Amino acid sequence: MYDPSHLRTFLAVAQTLSFTQAARRLGLRQSTVSQHVRRLEEAAGRQLFSRDTHSVELTEDGEAMLGFARRILEVHDQAAAFFTGTRVRGRLRFGASEDFVLTRLPEILEGFRYDHPEVDLELTVELSGTLHEQLAAGKLDLVLAKRRTEDPLGELVWHDGLVWIGAERLRLDPDRPVPLIVYPPPGITRALALEALERQGRDWRIVCTSGSLNGLIAAARAGLGVMAHSRGLIPPGLFRVPDRAGLPELGKVDFVLVHGNRRSPAQTAADALAAAILTSGTHLRRP
């Protein structure tokens, strides 16, 4: 009833909320992406996206289709691998940024190891900037990390806004420097937070530096200060700082998959894991 190619196109649009971005990801014409979505909507008998000239949003039926599409494609890929006799093997060095410590990434990796038991998966958890450096140095095969929106590097998983977060009872004194909780350099959120405060002309001071997300969360929950963080990945027990605090806008970041040397022996395994992550898409960030 549902064509797998249409389902893959649907997931790409749902994750990027852009027909243009989905077309780039899939290597298709934008008209083909629109056609796939239209045919899937005809097959389902429901509208899956509400769209105008400025935005694309999932409808309630589109949200429901997300779960079905993921499960259908997962079973489809398992069946294809079984009957074609293809087995993914080898060593795969995968890097994930600290942002994903509290997400469903462990479930995705568990499923990947179950589907590909002959892959020797090595996981590195680090700052996004550090992971990009290690990938460029040939020390990793695949990276899931943040990038600045203007950076063309990598395959988009999803867009997200950055927000200021802190303890629920935290109050900022407008006459004192902003107390900051930050990753060490080359943390991308650190750089964006400092740049935003500098543009506003707001004084700041660093009250906590940690390379561990859990360390930053502990400091924030203790009320030591505020931190810049992805809006879609706000940890439990922390809250957006209200606009009345007068903190500057932080802008957006992209979460992307970046491949290392495409000619390496790990390419097939890296492609398989990248496909599993892209299929999960925004589902990844839900606790």
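Before any of the text, the structure's been laid out above.
On a predicted model such as this, the values are computed, not experimentally measured, just so you know.

What counts and what doesn't
Residues numbered from 1 in each chain as written. Predicted model: local features only at pLDDT ≥ 70, side-chain atom pairs only at ≥ 80, totals over all residues. Heavy atoms only, no water. Helix = DSSP H or I, 4+ residues; strand = E, 2+ residues; numbered from the N terminus. Buried < 20%, exposed > 50% of the residue type's maximum accessible area, 1.4 Å probe, protein only. Contact = heavy atoms within 4.5 Å. Arc of directions from axis to C-beta. Polar contact = N/O pair within 3.5 Å; in protein donor to acceptor, adjacent residues only side chain to side chain. Phe/Tyr/Trp six-rings, centres within 6.5 Å; stacked < 30°, edge-to-face > 60°.

One can find Cys208 in strand β8 (residues 204-209). Classification of Cys208 as buried rests on a relative accessible area of 16%. Expressed as a C-alpha distance, the spacing of Cys208 and Ala219, which sit 11 residues apart in the sequence, is 6.9 Å. The residues contacting Cys208, other than those within four sequence positions of it, are Leu180, Ile181, Val182 and Ala219.

Another point: helix α8 (residues 213-221). Buried within α8 we find Leu213, Leu216, Ile217, Ala219 and Ala220. Seen along its axis, α8 keeps its buried residues to an arc of 165°; they face one direction. Each element contacted by the buried residues of α8 is listed here: β6 (155-166), β7 (178-182), β8 and β9 (227-230). For α8, the side-chain oxygen to backbone nitrogen distance between the N-cap and Asn214 is 3.2 Å, and the N-cap itself is Ser212. Looking one or two residues past α8, Gly223 carries a phi angle of roughly 85°, positive in sign.

Next up on the list: the packing of aromatic side chains. What the rule picks out here adds up to five aromatic pairs. Ring plane angle 75° and centroid distance 5.5 Å describe the contact between Phe100 and Phe255, whose orientation is recorded as edge-to-face. Here the residue Phe100 occupies a position in the loop between β3 (90-97) and α5 (105-115), and Phe255 occupies one in strand β11 (residues 252-259), the gap between them amounting to 155 residues.

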